Number of protein chains: 2
Amino acid sequence: MKAIVTGGTGYIGSHLVKRLLKDNWEVAIIADPKFGYDNILDVKNRITIFEYTGQIQELIKFFRDFNAGIVFHLAAAVLTNPSPEQLPILIDSNIRFGTEILEAMSDSGTKLIVTTGTYWQNYNGEEYNPVDLYAATKEAFEKILKYYVEAKGIRSIVLRLYDVYGEDDRRPKIWNLLKGIAGTDKSIDMSPGEQILNLVHIDDVVSAYISAYNYLKQNSEIKSEVFGVYAETQKTLKEHVNELEKTLGKTLRINWGAKPYKKREVMKPAYLFKNPPNWKCMKLVFIN
Amino acid sequence: MKAIVTGGTGYIGSHLVKRLLKDNWEVAIIADPKFGYDNILDVKNRITIFEYTGQIQELIKFFRDFNAGIVFHLAAAVLTNPSPEQLPILIDSNIRFGTEILEAMSDSGTKLIVTTGTYWQNYNGEEYNPVDLYAATKEAFEKILKYYVEAKGIRSIVLRLYDVYGEDDRRPKIWNLLKGIAGTDKSIDMSPGEQILNLVHIDDVVSAYISAYNYLKQNSEIKSEVFGVYAETQKTLKEHVNELEKTLGKTLRINWGAKPYKKREVMKPAYLFKNPPNWKCMKLVFIN
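Treat the numbers as computed from the prediction; the structure is a model and nothing was measured.

1. A word on the pairing of strand E5 (residues 112-118) of chain B
All names here are of chain B.
Piece 1. The element E5 is largely enclosed, with a buried count of seven among its seven residues.
Piece 2. The alternating pattern of E5 places Leu112, Val114, Thr116 and Thr118 and Ile113, Thr115 and Gly117 on opposite faces, both of which are buried.
Piece 3. In this structure, strand E4 (residues 70-73) lies alongside E5, joined through three bridges in parallel fashion. Within the sheet, the bridge partner assigned to Phe72 lies in E5 and is Val114.
Piece 4. In terms of handedness, the path from E4 via helix H3 (residues 87-106) over to E5 forms a crossover that is right-handed.
Piece 5. A crossover links E5 with its parallel partner strand E6 (residues 155-161), the connecting element being helix H4 (residues 133-152), and its sense is right-handed.

What follows is the structure, encoded as structure tokens:
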């Protein structure tokens, strides 16, 4: 059981790396040293680290040598409001890098990949309508992936993620901001808060990757499928915040409605794809 | 009537530039100086040339200043069998550059674009199945385009091109190879030749871009459509070659079947999209 993880130094990726190690996998990550290793310091000496500098022949050689059974592809640039100068970063991270991974896979014995999409590819519940350019690059990558599936014998599962949360999440999410002002005099302006969020705990998200792998591994007739990693329950942002307030036992001073909704705010997530087989969201209560 | 043409120094683009000039348009091209200006030497001093070096703020300023009514986007890297090292070229040319064009459009008064796809996006007649990675990057770009249509008020038409030919085509196409050996002792090994080609003359292809513009301009309710630029008649490669032989009045020594078909050879083009409105392929005979 050997896995290559991209994005292994990120929030979700680092949790996946640790889960794989716990399950006795041999793990390699493909890393960009400029992002550092803060999230995996405790396991850094137990994994293989390939620092990719854009020399694709080195990447190909690494894939041939390591000979993994699966790639978990989580690397992405998440820029929800990119400047024009940042477009190349979005495209390089979310399309080019993944294409190079697929090319290296084609040339190696590693033919299985579980990759990462977002429910933001389905604005208004449409089969495809991206909330933002980030979501569009995710869809674009799936179109590249299709080539490798059809022509190069790659077998894939795309996991469309919803809102991921967890105790140690240091990403700039609203929950961290709220915890920072809880119990203080500071107030915060927010939208009316009626948008529905489907929150899934990081441990459940990690399990979804494992379930996807098992399903792909055990069903050799599957070429390519898409699953959605969402919980059965869903609440509005306001309801989640009320719950957080109770959990913390502190008051949150929020001016609901002081800000408008974002342009293309997702008021109601769409659920176009089934959950991964043999996976269920276990942590149904949002405890932060 | 002001147009910005990308790929204006290429085969199809240069013909479009000349047609637009003939129709009294003011034309600007966005060029990469490394490809040279061989195809447009005769009109170079009648057009505006913006040499793009990757400084997107300069591109944005150019779009604002020139204030075109339409972008004809034909720039592409056509690499049908790219090496791993060439993947970034494919993605940069076929996805990133077009995204930057759309970004610059969003920030200017230029909201209409006619862009270029290929019938190779529909292998086996499927809604989407790319013949090769080139076709996959074309599909990927259409997914990026969708974002700008939905979120930024861009209105677009995609023209899916078939096999373009013309008297002055210097691209490495089979016809040039055949003309080179016609009447000589040289022979050439080819596949069995039963694959159907839908050949469209360059003048007709250029007219399709103009028809697409007129349709987009005259119908302000259209957000995004796709059309196919194909002829009513279609013949096999072998039939086309026989015709070429007659036209040239010279014998061609071809060993039909000495080579196998390519992997993922398109034996029968699919016609999933209508022709552009008010457009018809006029040159029905393949004369080369």
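Read on for the rest.
2. Some words on the sheet that holds strand E3 (residues 48-51) of chain A
Residue and element names in this part refer to chain A.
Piece 1. Spatially, the seven strands line up as an open sheet ordered E3-E2-E1-E4-E5-E6-E11, and their pairing is parallel. Single-partner strands in this sheet number two, and they are E3 and strand E11 (224-229). The average undirected angle you get between the axes of adjacent strands in this sheet is 20 degrees.
Piece 2. As defined by bridge partners, strand E6 (residues 155-161) adjoins E11 across six bridges and the pair is classed as parallel. Within the sheet, the bridge partner assigned to Leu159 lies in E11 and is Phe227.

3. Let's talk about the nonpolar core
One broad trend across soluble globular proteins is that nonpolar side chains are buried collectively.
Piece 1. Within the largest apolar cluster, 79 residues are counted, with the highest numbers of intra-cluster contacts made by Ile30 and Phe63 of chain A together with Ile30, Phe63 and Ile144 of chain B.
Piece 2. Counting residues per element, the ones that place at least two in this core are strand E2 (26-31), helix H2 (56-66), helix H3 (87-106) and helix H4 (133-152) of chain A together with strand E2 (26-31), helix H2 (56-66), H3 and H4 of chain B.
Piece 3. Ignoring sequence-local partners within four residues, the contact set of Phe63 of chain A consists of Ile4, Ile30, Val71, Ile101, Ala104, Met105, Ser108 and Thr110 of chain A.

4. Focus on the sheet that holds E2 of chain B
All names here are of chain B.
Piece 1. Pairing is parallel across the open sheet formed by seven strands, whose spatial order is E3-E2-E1-E4-E5-E6-E11. With one partner strand each, in any of the chains shown, strand E3 (48-51) and strand E11 (224-229) form the two edges of the open sheet. With direction set aside, neighbouring strand axes in the sheet form an average angle of 20 degrees.
Piece 2. Strand contacts of H2: strand E1 (2-6), E2, E3 and E4, with the helix running at about 175 degrees to E2, the strand carrying the most contacts.

5. Observations regarding the interface of chain A and chain B
Piece 1. Listed by partner, the interface residues are 34 residues for chain A and 34 residues for chain B.
Piece 2. Surface buried jointly by chain A and chain B totals about 2800 Å² across both partners, of which 71% is contributed by carbon and sulfur atoms.
Piece 3. For chain A, the biggest contributors to the area lost against chain B are Ile91, Lys143 and Tyr147 of chain A; these three give 19% of the whole.
Piece 4. Seen at the junction of chain A and chain B, the total is two salt bridges.
Piece 5. Lys146 of chain B serves as the salt-bridge partner of Glu126 of chain A, at 4.0 Å between the closest nitrogen and oxygen.
Piece 6. Here chain A and chain B share 10 residue pairs in polar contact (both at pLDDT 80 or more) between them.
Piece 7. Counting residues per element, the ones that place at least two in the side of chain A that touches chain B are H2, H3 and H4 of chain A.
Piece 8. With 12 residues, H4 of chain A is the single largest residue contributor to the side of chain A that touches chain B.
Piece 9. Residues of the side of chain A that touches chain B, tallied by class, amount to 17 nonpolar, four polar and 13 charged.

6. Brief notes about the pairing of E2 of chain A
Working note: regular strand, side chains alternate between the two faces of the sheet.
All names here are of chain A.
Piece 1. Here E2 lies mainly inside the structure; five of its six residues are buried.
Piece 2. One ladder, built from five bridges, connects strand E1 (residues 2-6) with E2; its direction is parallel. Bridge assignment links Ile4 to a residue of E2, and that residue is Ala28.
Piece 3. Following the backbone out of E1, through helix H1 (residues 11-22) and into the adjacent parallel E2, one traces a crossover that is right-handed.
Piece 4. With four bridges connecting them, E2 and E3 associate as parallel partners. Directly across from Ala28, in E3, lies its bridge partner Thr48.

Definitions and limits used
- Residues numbered from 1 in each chain as written.
- Chains lettered and ligands numbered in written order.
- Predicted model: local features only at pLDDT ≥ 70, side-chain atom pairs only at ≥ 80, totals over all residues.
- Heavy atoms only, no water.
- Buried < 20%, exposed > 50% of the residue type's maximum accessible area, 1.4 Å probe, protein only.
- Helix = DSSP H or I, 4+ residues; strand = E, 2+ residues; numbered from the N terminus.
- Pairing = 2+ DSSP bridges.
- Right-handed = clockwise from strand over helix to strand, strands pointing away.
- Axes fitted to C-alpha atoms, helices over the stretch in contact; angles between N-to-C directions.
- Core = buried A, V, L, I, M, F, W, Y, C linked by side-chain atoms within 4.5 Å.
- Contact = heavy atoms within 4.5 Å.
- Buried area = accessible area lost by both parts, 1.4 Å probe.
- Salt bridge = Lys/Arg side-chain N within 4 Å of Asp/Glu carboxyl O.
- Polar contact = N/O pair within 3.5 Å; in protein donor to acceptor, adjacent residues only side chain to side chain.
- Nonpolar A, V, L, I, M, F, W, Y, C, P; charged D, E, K, R; others polar.

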